[in-house]
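Here are the chains, one letter per residue:
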Amino acid sequence: MRHDSETALVLFSGGQDSTTCLAWALETFARVETIGFDYRQRHRIELDVRPRVLDQMRRDFADWSARIGDDHLVDIAVLAELSETALTHSVEIAMQENGLPNTFVPGRNLLFLTFAAAVAYRRGIRHLVAGVCETDYSGYPDSRDDTVKAMQLALNLGMEARFVIHTPLMWIDKAQTWALAERLGKEALVRLICEETHTCYNGDREHAHAWGFGCGTCPACELRAQGWERFVSSR
Ligand code: ZN
C-alpha cells in the first residue's frame, strides 16, 4: 500500500518504535512531517535524540531525505502537572493496585493524537502514524487497537475530518519491529536505531549494549533487549 501523493504526520518521540514508524511512513508516503511532545518528561534525552535521528536519516538515506518535511515540537507541560507517574516525576517504577505500571501517563496518547490531529488539520494532512502496539504494550490501555480506532472516530467527528490513523506496529512484537526496520532501511537503519534512538525509562545513555544505550533493567530496556535477542537469533 502506497500513498504516492500524500503527506503523513508521524508521532515521533525518538524511540525505537516511532523511528521504525518514521521509516515505514517514508516508504509509504510522498512527504512526511514529524511531531514530538515536550511534556516535561523526566528524562529529556528523548527530546535531544529526535533532531539527531532526523538529521541522520536525511544524511544517510538518499531515498528518504527529500521526503522529510517539517518537525513540530509541541509543549504540553501541563501533562506533567496533572499526572504523578514514574515518567514525569522522580518516583520508582512500580506496579499499581489497578494492575497498570506507574510509567503509564494517563491521557498521554489520547492527548498526543488530539494535538497531532490539530496540527494535521492545520497542515491539510490526512494521515497520522503512531508507533503504538498491542502486542508488547506494557499494559498501556491507550496503546490498544480499540483505543486508537475510537480516537480516530472521535477526531473525525469532532473536527469534521477524515483522518486515518496508521499503526504499523500494532500486531507485531519487538523482535518483528527490529525485523521491520531491517526490511525498510537495511543494516544502516538497524544501526541508527541502536546508536541514536532512546527507549530507557531511566534516561541512561552511559551503558552501551548490542541493542543500544540503556540501563538494561527497566521494563523498556528489557523489552528492547529481549526483542533484539529474538531478532538476532532468527536472522
Ligand atoms: Zn532502562
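Just so we're clear, the structure is a prediction, and the values are computed from it rather than from any experiment. (Residues numbered from 1 in each chain as written. Predicted model: local features only at pLDDT ≥ 70, side-chain atom pairs only at ≥ 80, totals over all residues. Heavy atoms only, no water.)

Participant: What should I look at first to understand the overall build of the protein chain in this one?
Facilitator: Looking only at helices and strands, the protein chain features 8 helices and 7 strands. Computed over the C-alpha atoms, the radius of gyration of the protein chain is 17 Å, within 12% of the 18 Å expected from 2.2 N^0.38 for a compact globule of 235 residues. Counting only residues that meet the buried cut, the protein chain has 54% of its 235 residues in that class. Contacts in the protein chain between residues far apart in sequence, at least 24 positions, make up 67% of those at least 6 positions apart. Taken as a whole, the protein chain presents about 11,000 Å² of accessible surface, with 50% of it coming from carbon and sulfur. (Helix = DSSP H or I, 4+ residues; strand = E, 2+ residues; numbered from the N terminus. Rg over C-alpha atoms; globule rule 2.2 N^0.38 Å. Buried < 20%, exposed > 50% of the residue type's maximum accessible area, 1.4 Å probe, protein only. Contact = heavy atoms within 4.5 Å. Areas by Shrake-Rupley, 256 points an atom, 1.4 Å probe, with all protein chains shown as cover.)

Participant: Whenever I open this one, the pattern of salt bridges confuses me. Can you help?
Facilitator: Opposite charge on two side chains allows them to pair when their charged atoms are near. Applying the stated criterion across every chain yields a total of 16 salt bridges. K149 is paired through a salt bridge with D145; the nearest N and O atoms lie 2.5 Å apart. You can see K149 and its partner D145 sitting in helix 6 (residues 145-159), 4 residues apart, about one turn around the helix. Owing to a relative accessible area of 51%, K149 belongs among the exposed residues under this scheme. D145 gets classed as buried once you look at its relative accessible area, which sits at 12%. Connected through shared salt-bridge partners, R31, E33, D70 and R123 make up one network. (Salt bridge = Lys/Arg side-chain N within 4 Å of Asp/Glu carboxyl O.)

Participant: Got a minute to help me understand the sheet that holds strand 4 (residues 127-129) in this structure?
Facilitator: Strands in a sheet are paired, the pairing made by backbone hydrogen bonds, and the direction either parallel or antiparallel. Pairing in this open sheet of 5 strands is parallel, and the strands run 3-2-1-4-5 from one edge to the other. Looking at the sheet topology across the chains shown, the edges are occupied by strand 3 (68-75) and strand 5 (164-166). Along the sheet, successive strands turn relative to each other by an average axial angle of 25°, direction set aside. As paired elements, strand 2 (residues 29-38) and strand 3 share 6 bridges and run parallel to each other. Following the sheet pairing, I35 is matched in strand 3 by H72. (Pairing = 2+ DSSP bridges. Axes fitted to C-alpha atoms, helices over the stretch in contact; angles between N-to-C directions.)

Participant: Looking at this model, I keep getting lost on the nonpolar core. Mind explaining?
Facilitator: The biggest cluster of nonpolar side chains holds 44 residues, and the ones touching the most others in it are V10, L22, M57, V129, W178 and L189. Mapped onto this core, the elements with two or more residues apiece are strand 1 (3-11), helix 1 (16-28), strand 2, helix 2 (45-60), helix 7 (174-196) and helix 8 (219-234). Take this core: its biggest share by element is 10 residues, from helix 7. With residues near it in sequence (within four places) discarded, M57 still touches T19, L22, A23, L26, W64, I68, L189 and L192. Listed in part, the 27 residues of the second largest apolar core include A117, V119, M159 and M170. (Core = buried A, V, L, I, M, F, W, Y, C linked by side-chain atoms within 4.5 Å.)

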